[in-house]
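# Structure assessment
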Amino acid sequence: MRSRAQLRIALAKGRLWEEAIARFSRAGMAPVSDKGRRLLVPSEDPGLEFLEVKPGDVPIYVESGAADLGVTGTDVLREGNPDVLEPLELDFGRCRLVVAAPAAAPYPSLPGGITPRLATKYPRLARAHFAALGRAVEIIEVGGSVEVAPLLGLSHWIVDLVDTGDTLRANGLVEHETILEVSAVLIANRASQKLKLDRHLDVMRRLEGTAVNGER
Ligand code: PRP
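Residues numbered from 1 in each chain as written. Predicted model: local features only at pLDDT ≥ 70, side-chain atom pairs only at ≥ 80, totals over all residues. Heavy atoms only, no water.

Below, the discussion takes up the domain arrangement of the chain. Note on interface size: it is often stated as the accessible area lost on association of the parts. Domain boundaries in the chain define domain 1 (7-93 + 183-208) and domain 2 (95-182). Here the C-alpha centre of domain 2 lies 30 Å away from the C-alpha centre of domain 1. Of the roughly 820 Å² buried where domain 1 meets domain 2, counting both sides, 54% is carbon and sulfur surface. Three residues stand out in domain 1 for area buried against domain 2, namely Asp-75, Arg-78 and Glu-79, and they jointly supply 61% of the buried area on that side. Applying the counting rule to domain 1 against domain 2 returns zero salt bridges. Our count for the domain 1 to domain 2 interface comes out at four residue pairs in polar contact (both at pLDDT 80 or more). In terms of residue class, the side of domain 1 that touches domain 2 is built from no nonpolar, four polar and four charged. (Domains from an automatic or database assignment. Buried area = accessible area lost by both parts, 1.4 Å probe. Salt bridge = Lys/Arg side-chain N within 4 Å of Asp/Glu carboxyl O. Polar contact = N/O pair within 3.5 Å; in protein donor to acceptor, adjacent residues only side chain to side chain. Nonpolar A, V, L, I, M, F, W, Y, C, P; charged D, E, K, R; others polar.)

In structure tokens:
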């Protein structure tokens, strides 16, 4: 059942959570500080509330209308290709989706014509990238800690997000190709944006205001 808040905004736990909360807070929409373990989190703005979900689930909630808006990464969006609007690119969460391999390993082909096995959380993007290049790969889908896969012989290469590069270096991997430049974006449910256009525009203007004022 809908609570009294007019807009529900799905936010991804993890990498994007702190920066998303900081942006909404600077725009006068901070979540209550004593949220505890609640997953539906009231805001200081009584017209909206936040929903805390796993990053990969943000588009599902927004596409279905269970949430009106959401903040997620373009990695998740391009992988799942949900039917949502993307009205605002946000100035945080920048990283890139890359192909990486062990530092000493041959690249881009393996000896003896072996088809490379590639571990990733992004099977669709990885498959599309290599299909476009006409290079055969076998995709192994994993849920996280992808960098360990080549160390244990599960895969030859990986496709994963890189920010500082620390995780790649710590696991003896080097970057070879960039598949996607990633950033956080605001996404919107199509019907909700039509029905509650004023509220959507208000949230967008306030978020944009925090960026143009140089308060990033
Ligand atoms: C992400 C990504 C890399 C790491 C990259 O993992 O999958 O593992 O961050 O960051 P770095 O280049 O700054 O080291 P995340 O923490 O989201 O967890 P995950 O392993 O569950 O994907």
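Read on, since the account is not over.
Within the structure shown, the criterion is met by 14 salt bridges. In this structure, Asp-91 and Arg-23 form a salt bridge, with 2.2 Å as the shortest nitrogen-oxygen distance. Separated by 68 residues along the polypeptide, Asp-91 in the loop between strand S5 (85-89) and strand S6 (95-102) and Arg-23 in helix H1 (residues 17-26) bring together distant segments of the chain. By relative accessible area, which is 5% here, Arg-23 ends up buried. Here Arg-96 makes a salt bridge to Glu-175, at a shortest N to O gap of 3.0 Å. Placement of the pair is Arg-96 in strand S6 and Glu-175 in strand S10 (residues 173-182), with a sequence separation of 79 residues. You can call Arg-96 partly exposed: its relative accessible area is 25%. Overall, the relative accessible area of 34% leaves Glu-175 in the partly exposed class. Each of Asp-45, Arg-199, Asp-202 and Arg-206 takes part in salt bridges that share partners, so that together they form one network. (Helix = DSSP H or I, 4+ residues; strand = E, 2+ residues; numbered from the N terminus. Buried < 20%, exposed > 50% of the residue type's maximum accessible area, 1.4 Å probe, protein only.)

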